[in-house]
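# Examination of the molecular architecture
Given next are the chains, with one letter for each unit.
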Amino acid sequence: MSPTLNPGQDVLSINWFVNPKIGDIVVIKKSGIEVVKRIEKVDGKKVFVVGDNNDESTDSRDFGPVNMDQIVGKVI
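Predicted model only: the values in this text are computed from it and were never measured.

Definitions and limits used
Residues numbered from 1 in each chain as written. Predicted model: local features only at pLDDT ≥ 70, side-chain atom pairs only at ≥ 80, totals over all residues. Heavy atoms only, no water. Helix = DSSP H or I, 4+ residues; strand = E, 2+ residues; numbered from the N terminus. Buried < 20%, exposed > 50% of the residue type's maximum accessible area, 1.4 Å probe, protein only. Contact = heavy atoms within 4.5 Å. Core = buried A, V, L, I, M, F, W, Y, C linked by side-chain atoms within 4.5 Å.

A word on the side chain of Ser60. Inspection of the secondary structure puts Ser60 in helix H1 (residues 60–63). Residue Ser60 is classed as buried on the basis of its relative accessible area of 3%. Those residues in contact with Ser60 that sit more than four places away from it in its chain are Val47, Phe48, Val49 and Pro65.

Spelled out as structure tokens, the structure:
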């Protein structure tokens, strides 16, 4: 998520939010690992997430949209 967040930076997230919106930074659980991404598109029960570093990020451009239930929390 560089340049918004630095590698190893601690973040605080809340897990009781509803209605994720475009632009929200969220923690998702993908393949057993929690990663921080930005929501770029919401389509029903799925969200398309991207990292802020387009050249280095592994995100929905690689693994496709994620289900809403894979969102662990919203970074605040």
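Of all hydrophobic cores here, the largest spans nine residues; its members are Ile14, Phe17, Val26, Ile28, Ile39, Val47, Val49, Val66 and Ile71. Of all the secondary-structure elements, those providing two or more residues to this core are strand S2 (25–30) and strand S4 (46–50). Once residues within four sequence positions are removed from consideration, Val66 is found in contact with Ile28, Lys30, Lys45, Lys46, Val47 and Val49. Formed by five residues, the second largest nonpolar core is a distinct cluster that contains Met1, Leu5, Ile25 and Val75.

Cis geometry is adopted by the peptide bond preceding Pro3, which originates at Ser2 and carries an omega value of 15 degrees. Relative to the helices and strands, Pro3 is located in the segment before strand S1 (13–14). Even without a glycine there, the phi angle at Ser31 is positive, about 55 degrees. For Ser31, a relative accessible area of 70% gives the class exposed.

Spatial relationships are all this shows, so hold off on functional conclusions.
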